[in-house]
Amino acid sequence: TGAFRFELYPGADSVFEVRATLFPRIANVKFGYAPLTSMFFLGENDRRFNEDFRMELHDSDGLLINNQNGEWVWRPLRNPPSMSISSFSARDVRGFGLMQRDRVFENYQDLDLAYELRPSYFVEPHEGFGDGVVELVELPTVDETNDNIVTSFVPRESPAQGSAVNLSYRIISGFDIPRLSPNGRAINTFQTVARALGSREVPPPRSRRFLIDFSGGDLGYYLNDPGLVEVVPSIANGRILNAFVIPNSHIGGLRAVLDVQVNEGQTADIRAFLRAQGRALTETWTFPLAMT
């Protein structure tokens, strides 16, 4: 049972209000609250299929999470070679959604489908979803016709058989939605070999270089003195080999450069954000990496 209401505010974002009651028919069933789906085929951080003249093909390019402690987390989407499931601890999560941040037509070059105009969707619970995780499922696809991205909130414990599960949340649909992740945002993610441009040095085994462009918030203030800003990286199942920040005037922000090394046979979860004088300037960027 449930009720759904659609509200459109002139000059603002669209809001979908959802109120529903679920009754599990059997026990020990995995639930996903407030599911969202999207498509990611090609992007700046994932170009395995590169024969198309269009350099990027996606309806969304990242998962955004607002944790209970106020932290904003950005996870770029991928088109993985096999199904990938990522979980983000999210007790009483404030919100999560699939966002389309890249609004530059030249990055898509699609006159028919206009991917740069695809809206973002963000879920905000009214009364909290309790203890659980925001789950991201990435399915492999060989073209852009499949919705291969799914995200939802999965409760830590499955509801009891026959019990009533009351859900109340809104879905915000829009383009920029500036109140989401109000600090500096990760707007580009690139990866390449872990060595300086033009260098012939052999990179360390199972290593990779990530370049993350952060823009917005107070970052413009630090363009002339980027030495005041530090990148704060961390990694599970690997090592940070190098980390530094350089100004990027083209986006009015800063570029963080991370060289990482992954333990053999494992997937490394990488995280990074920018900080100045003990204050976080950006959301937290995160990415999984496995090297064979």
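Just above, that's the structure.
One structure accompanies this document, and this report is about it. Since the structure is predicted, the reported quantities are computational estimates derived from the model, not experimental observations. (Residues numbered from 1 in each chain as written. Predicted model: local features only at pLDDT ≥ 70, side-chain atom pairs only at ≥ 80, totals over all residues. Heavy atoms only, no water.)

### A few points about the sheet that holds strand β15 (residues 207-215)
Part 1: Spatially, the four strands line up as an open sheet ordered β14-β15-β18-β17, and their pairing is antiparallel. Strands with a single pairing partner mark the edges of an open sheet, and in this sheet they are β14 (185-192) and β17 (238-248). The mean inter-strand angle of the sheet, taken between neighbouring strand axes irrespective of direction, is 20°.
Part 2: The sheet contact formed by β14 and β15 spans seven bridges and is antiparallel. The residue of β15 that forms the bridge with T189 is I212. (Pairing = 2+ DSSP bridges. Helix = DSSP H or I, 4+ residues; strand = E, 2+ residues; numbered from the N terminus. Axes fitted to C-alpha atoms, helices over the stretch in contact; angles between N-to-C directions.)

### Digging into empty space enclosed by the protein
Over the atoms, a rolling probe the size of a water molecule traces out where space has been left empty.
Part 1: Under the defined criterion, the tally for this structure stands at two cavities of 30 Å³ or more.
Part 2: Of the pockets and cavities examined, the largest cavity occupies roughly 120 Å³.
Part 3: Considering the residues around the largest cavity, the lining is formed by 15 residues, among which E44, N45, D61, I187 and T189 are closest to the centre.
Part 4: Put simply, the parts of the chain that give the lining of the largest cavity at least two residues each are β7 (72-76) and β14.
Part 5: No other element matches β14, which puts four residues into the lining of the largest cavity. (1 Å grid on protein atoms, 1.4 Å probe; cavity = no way out; pocket = protein on both sides within 12 Å on 5 of 7 lines; lining within 4 Å. Points joined across faces, edges and corners; volume = space filled by probe spheres on them.)

### Some points on the nonpolar core
Part 1: Counting 31 residues, the largest nonpolar core has F210, F214, L258, L274 and W285 as its most contacted members.
Part 2: Elements that contribute at least two residues to this core include exactly β7, β15, β18 (253-262), β19 (267-276) and β21 (284-290).
Part 3: Filtering out sequence-adjacent residues up to four positions away, F214 remains in contact with R185, A186, L219, I251, G253, L254, A256, A272, L274, T282, E283 and W285.
Part 4: If you look at the next biggest cluster of nonpolar residues, it comprises 25 residues, including F96, I149, V165 and L167. (Core = buried A, V, L, I, M, F, W, Y, C linked by side-chain atoms within 4.5 Å. Buried < 20%, exposed > 50% of the residue type's maximum accessible area, 1.4 Å probe, protein only. Contact = heavy atoms within 4.5 Å.)

### Considering the layout of surface pockets
Part 1: Its boundaries defined by the atoms lining it, the largest pocket holds a volume of some 660 Å³.
Part 2: Taken together, 27 residues make up the lining of the largest pocket; nearest its centre are R78, F287, P288, L289 and A290.
Part 3: Those elements that provide at least two residues to the lining of the largest pocket are β8 (84-89), β19 and β21.
Part 4: If one sorts the elements of the lining of the largest pocket by residue count, β21 sits on top with five residues.
Part 5: The class makeup of the residues in the lining of the largest pocket is nine nonpolar, nine polar and nine charged.
Part 6: Lining the second largest pocket are 22 residues, with R101, D102, D176, R185 and I187 sitting closest to its centre.
Part 7: Ranked by residues supplied to the lining of the second largest pocket, first place goes to β14 with three residues. (Nonpolar A, V, L, I, M, F, W, Y, C, P; charged D, E, K, R; others polar.)

### A word on the packing of aromatic side chains
Part 1: Enumeration over the complete set of coordinates arrives at eleven aromatic pairs.
Part 2: Plain terms: the ring middles of Y33 and F129 are 5.6 Å apart, the flat faces sit at 70° to each other, and that makes the pair edge-to-face. Remark: F129 occurs in the loop between β10 (120-125) and β11 (132-138) and Y33 occurs in strand β3 (residues 33-38); sequence separation between them is 96 residues.
Part 3: A ring pair is formed by Y108 and Y115, whose centres lie 6.2 Å apart and whose planes are at 35°; its orientation type is tilted. With respect to class, Y108 is no different from Y115; both count as buried.
Part 4: The ring of F287 carries the charged tip of R75 above its face, separated from the ring centre by 5.9 Å. (Phe/Tyr/Trp six-rings, centres within 6.5 Å; stacked < 30°, edge-to-face > 60°. Lys NZ or Arg CZ within 6 Å of the ring centre and 35° of its normal.)

### Overview of the sheet that holds β3
Part 1: The strand order across the open sheet formed by four strands is β3-β12-β11-β8, and the pairing between neighbours is antiparallel. Two strands in the sheet have a free side with no partner beyond their single neighbour: β3 and β8. Ignoring strand direction, the axes of neighbouring strands in this sheet form an average angle of 20°.

### Re the environment of F122
Part 1: Within the secondary structure, F122 is located in strand β10.
Part 2: When the C-alpha atoms of F122 and L36 are compared, they prove to be 8.9 Å apart, with 86 residues separating the residues in sequence.
Part 3: Excluding anything up to four places from it in sequence, F122 contacts L64, N66, W72, G95, F96, G97, M99, R170, I171, I172 and L180.

### Here we look at the pattern of salt bridges
A side chain with one charge can pair with a side chain of the opposite charge if their charged atoms come near.
Part 1: Counted under the stated rule, the structure contains 18 salt bridges.
Part 2: The salt bridge involving R156 is made with D131; its shortest N-O contact spans 3.6 Å. Highlighted residues: R156 in the loop between β12 (149-155) and β13 (165-174) and D131 in the loop between β10 and β11, separated in sequence by 25 residues. (Salt bridge = Lys/Arg side-chain N within 4 Å of Asp/Glu carboxyl O.)

### Some points on unusual backbone geometry
Part 1: Its identity is not glycine, yet I177 carries a phi of approximately 45°, on the positive side.
Part 2: Tracing the backbone shows I177 in the loop between β13 and β14.
Part 3: For I177, a relative accessible area of 2% gives the class buried.
Part 4: At R206, a position not held by glycine, the phi torsion is positive, near 55°.
Part 5: Looking at the element boundaries, R206 is found in the loop between β14 and β15.

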